[in-house]
Structure formats: C-alpha cells, structure tokens
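Results of the structural survey
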Amino acid sequence: MDQNYRLAIFASGKGSNAEAIIKYFKQHPSITIELIVSNNPQALVLERAKKYGIPTLVLNRRQFESEIAVKLSDYQITHIVLAGFLWLIPPSLLKAFPHKIINIHPALLPKFGGKGMYGMKIHQLVQSSNEKETGITIHVVDEKYDEGEILYQHKCEVVSEDTPEEIADRVHQLEYAWYPKIIERWILNRMESS
Ligand code: GAR
C-alpha cells in the first residue's frame, strides 16, 4: 500500500505561503494538508484555511509547549511545515518529529537569520546593507532559530533602487514557486532532483 503523508502547516500571519502549499497539494496522490496551527487568533492564515476546509488550531504559548505533540497525533500528522511561524519549536516536538520539520527563511542563510529576523524586517535590512543578492533558504528545523541543515537555496538580484517592498515581492515569488516543490521532494526523499 502506498504511504500517506499528513502535513500540518504552522503559520503566524498572512499565510500566503500556506495557501501556495495548500493549492499545490490539493490533488496530490500521497501528501495531504491536514491542519493549520497558529499562535495568533487574528492571523489571516486562519481565514485561508477555512476557505479550503482545512481544520485550524490556535494555541497560546503554554498550550503550544505542552499540548502540541498530542494534538498533532490526534490528526496523525507525519510532517510539519513552518511558513512564517514566529515561535521557536520546543524540544519535545523536535523529539516527536525528528528531521520531520521544515522551515522557509526569506534570505540567504546564514545571513539575516536568528531570533527576531522575520518578514519585512529582513528585507529592510537587506536593502539598507546594500546587498547585491538575496533569496530563500529552506532548511530542516533544529533547536536554534534558522540553523538546521540547509536543503535548498535560491538567489535573486537586489539593485540599489529596490525598495524593501520590491525585494519582498521578488522573494515571495521564489517562495511560492519553490517551497511546495521542495516540501514534496523532501518528503518523498527526492532531494537529489532539486
Ligand atoms: C515569508 O516570507 C516567510 O519566509 C517568512 O515570513 C513570511 C510569511 O509570509 N518567514 C520568516 O521570516 C521566518 N523567520 P506569509 O505569511 O504570507 O507566508
């Protein structure tokens, strides 16, 4: 029998990556999006999940640290995808999902990574540091922010006239184009084809 992979997406905000992932796996033969988890009851990602009929879970910090592994097992989740999720993943969850949690970072790690490096703040820093290039990094999650094994990076150019918003747009397009594909290759053990 073919194996089924059941994903939970963790997101704190807008959820445009979450939506790109949901759309990509809609008709997938073996990978399904089963749950959206958020720390933020106002997050737009929750509206997006509703649109696709995907269950959502909003947890406060205490619940997240003590109950998340149990909740995920209720949904028989096999892999976790972080898509703009702000909180550090607790050790108990890393232990329950060893090498089964992946993240996207909107810069070329190890540059512009670490605690507090999130979303527009990164693009503003890329612009003010006169970087000539930026891009995306997709990596396995470990106990530190943005330090797990890098699975994939994709660059794009930055020119001096770029505004942070223009940089963000360019990086977002890379995210939507690549994150779903890399998730699929990672789960199906086909990383060599990236
Ligand atoms: C994305 O650009 C993602 O790479 C970034 O937050 C954005 C979320 O946008 N993640 C981080 O900065 C993690 N440190 P979205 O909610 O529209 O997908």
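See the structure above.
Here's a quick rundown of the structure.

Calculation notes
Residues numbered from 1 in each chain as written. Predicted model: local features only at pLDDT ≥ 70, side-chain atom pairs only at ≥ 80, totals over all residues. Heavy atoms only, no water. Near = heavy atom within 4 Å. Polar contact = N/O pair within 3.5 Å; in protein donor to acceptor, adjacent residues only side chain to side chain. Areas by Shrake-Rupley, 256 points an atom, 1.4 Å probe, with all protein chains shown as cover. Helix = DSSP H or I, 4+ residues; strand = E, 2+ residues; numbered from the N terminus. Axes fitted to C-alpha atoms, helices over the stretch in contact; angles between N-to-C directions. Parallel < 35°, antiparallel > 145°, perpendicular 65-115°, else oblique. Left-handed = near helix turned anticlockwise from the far one by under 90°. Contact = heavy atoms within 4.5 Å. Nonpolar A, V, L, I, M, F, W, Y, C, P; charged D, E, K, R; others polar. Pairing = 2+ DSSP bridges. Expected span 1.5 Å × (residues − 1). Bend = angle between axes of the 7 residues up to and from the residue. Buried < 20%, exposed > 50% of the residue type's maximum accessible area, 1.4 Å probe, protein only.

Some details on the site of the ligand
Residues in close proximity to the ligand total 14 residues, the closest being Gly 15, Ser 16, Asn 17, Gly 119 and Glu 175. A distance of 3.4 Å separates an oxygen atom of the ligand from a polar backbone atom of Lys 14. Measuring from an oxygen atom of the ligand, one finds a side-chain N or O atom of Glu 175 at 2.4 Å. Starting from 450 Å² of accessible surface for the ligand in isolation, the protein chains cover 94%. Of all elements in the fold, only α1 (16–24), β5 (101–105) and α6 (164–187) reach the threshold of two or more residues within the shell around the ligand.

A closer look at the packing of α1 against α6
At their nearest, the axes of α1 and α6 sit 9 Å apart, and the two run at 45 degrees to each other. With respect to each other, α1 and α6 are oriented oblique. Considering only the axes of α1 and α6, their crossing is right-handed. Counting all contacts with α1, which are made through Ser 16, Asn 17, Ala 20, Ile 21 and Tyr 24, the residues of α6 involved are His 172, Glu 175, Tyr 176, Tyr 179, Pro 180, Lys 181, Ile 183 and Glu 184. Its residues placed into classes, the contact of α1 with α6 shows seven nonpolar, three polar and three charged.

Here we look at the sheet that holds β5
If you walk across this open sheet you meet the seven strands as β3-β2-β1-β4-β5-β6-β7, and the pairing is mixed. Looking at the sheet topology across the chains shown, the edges are occupied by β3 (56–58) and β7 (150–157). Along the sheet, successive strands turn relative to each other by an average axial angle of 20 degrees, direction set aside. Sheet topology note: the strand β6 (residues 133–140)/β7 ladder contains seven bridges and is antiparallel. Across the sheet, Ile 136 pairs through a bridge with His 154, a residue of β7.

Brief notes about the packing of helix α5 (residues 120–128) against α6
It is the contact of α5 with α6, at a shortest axis distance of 8 Å, that shows an interaxial angle of 115 degrees. Read as a crossing pair, α5 and α6 show a hand that is right-handed. Every residue of α6 that contacts α5 at Met 120, His 123, Gln 124, Val 126 and Gln 127 is listed here: Pro 164, Glu 165, Ile 167, Ala 168 and Val 171. Of the residues that constitute the contact of α5 with α6, the class distribution is six nonpolar, three polar and one charged.

What to know about helix α3 (residues 61–74)
Compared with an ideal rise of 1.5 Å per residue, which puts 14 residues at 20 Å, α3 spans 19 Å between its outermost C-alpha atoms and is within 8% of the ideal. The sharpest bend along α3 reaches about 65 degrees and sits at Glu 67. When α3 is considered as a whole, its buried residues turn out to be Phe 64, Ile 68 and Leu 72. In this structure, the buried residues of α3 make contact with β1 (5–10), β2 (31–38), β4 (79–82) and α4 (91–96). The N-cap residue of α3 is Asn 60: its side-chain oxygen and the backbone nitrogen of Arg 62 are 3.1 Å apart. Where α3 terminates, the next one or two residues include Gln 76, which has phi positive at roughly 50 degrees.

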